[in-house]
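Fold and geometry: a report
Here are the chains, one letter per residue:
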Amino acid sequence: MRAVRPISLTLVLVLAAPLTACSSKPGAQAWAAVVCTTLSPWRSEIDTLTSRTQQQMTAETTPFQAKENLARLFDGAATASETARAGVEKAGVPDVTNGEAIADGFLSSLAGIRDAYGHARNGIQALATNPPTNFYTEVGKVVEQLSVEYRRSDLDTTNLESVELRQAFDSLPECQ
């Protein structure tokens, strides 16, 4: 009877290696936790930068100062968005139905947001500061284009629904 035990243990160890390789994708809870932990500071940074941008749009500064400040703000938002995108990419693909499409959707959305802020930064940097009235009119156009691109980058979840991920996002403290 004792000889059976080592053979069974060997069999379990031999079979465990391929099974571990097959399940290298994080489960819904683990993936959602990493994504939420990654996106939380990004959301805070974007909120802060959005608030600063609104303040900058109404502050009485010279066009040159406004141009520098807005370019810096949009650059910060682009950088924060890329950091978030890279963090979500490191999370991998969740082990759920349509996991690859869901992960790709998150990555595409964050890349689009990053690019929108990058375009806004470049648009602001390209503006002439004289005459001042034209500068502020053009800033308004850049900000409006940013809004359009940002909305276009929204994550379309209609085809990316996962019951497991929804439950994870709804229940994890990191996601609240």
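Residues numbered from 1 in each chain as written. Predicted model: local features only at pLDDT ≥ 70, side-chain atom pairs only at ≥ 80, totals over all residues. Heavy atoms only, no water.

This part takes up the packing of helix 2 (residues 28-58) against helix 6 (residues 163-171). The geometry of helix 2 relative to helix 6 is characterised by a closest axis approach of 9 Å and an angle of 50° between their N-to-C directions. The pairing of helix 2 with helix 6 is recorded here as oblique in orientation. Considering the relative orientation of helix 2 and helix 6, their crossing is right-handed. Between helix 2 and helix 6, the residues in contact are Ala 28, Gln 29, Trp 31, Ala 32, Val 35 and Cys 36 and Glu 164, Leu 165, Ala 168, Phe 169 and Ser 171, respectively. Tallied by class, the residues present in the contact of helix 2 with helix 6 amount to eight nonpolar, two polar and one charged. (Axes fitted to C-alpha atoms, helices over the stretch in contact; angles between N-to-C directions. Helix = DSSP H or I, 4+ residues; strand = E, 2+ residues; numbered from the N terminus. Parallel < 35°, antiparallel > 145°, perpendicular 65-115°, else oblique. Left-handed = near helix turned anticlockwise from the far one by under 90°. Contact = heavy atoms within 4.5 Å. Nonpolar A, V, L, I, M, F, W, Y, C, P; charged D, E, K, R; others polar.)

So, on to the confidence of the model for the protein chain. Of the residues in the protein chain, 85% reach a pLDDT of 70 or more, and the chain-wide mean stands at 84. Mean pLDDT in the protein chain bottoms out at helix 1 (residues 4-22), which sits at 37, and peaks at helix 4 (residues 99-125), which reaches 95. (pLDDT = per-residue confidence, 0-100.)

The next point concerns the nonpolar core. Of all hydrophobic cores here, the largest spans 42 residues; its most connected members are Trp 31 and Phe 169. Elements that contribute at least two residues to this core include exactly helix 2, helix 3 (63-91), helix 4, helix 5 (132-152) and helix 6. Of the residues forming this core, the biggest block, 11 residues, is contributed by helix 3. Each residue touching Trp 31, except ones within four places of it in the same chain, is listed here: Pro 26, Ala 91, Gly 92, Val 93, Pro 94, Ile 102, Ala 103, Phe 106, Leu 165 and Phe 169. (Core = buried A, V, L, I, M, F, W, Y, C linked by side-chain atoms within 4.5 Å. Buried < 20%, exposed > 50% of the residue type's maximum accessible area, 1.4 Å probe, protein only.)

The next thing to look at is the state of the cysteines. In the structure shown here, the tally under the stated rule is one disulfide. Shown here is the disulfide that connects Cys 36 with Cys 175, its sulfur atoms set 2.0 Å apart. In this structure the cystine formed by Cys 36 and Cys 175 twists about its S-S bond by roughly 100°; its chirality is therefore right-handed. Remark: Cys 175 occurs in the segment after helix 6 and Cys 36 occurs in helix 2; sequence separation between them is 139 residues. (Disulfide = S-S within 2.5 Å.)

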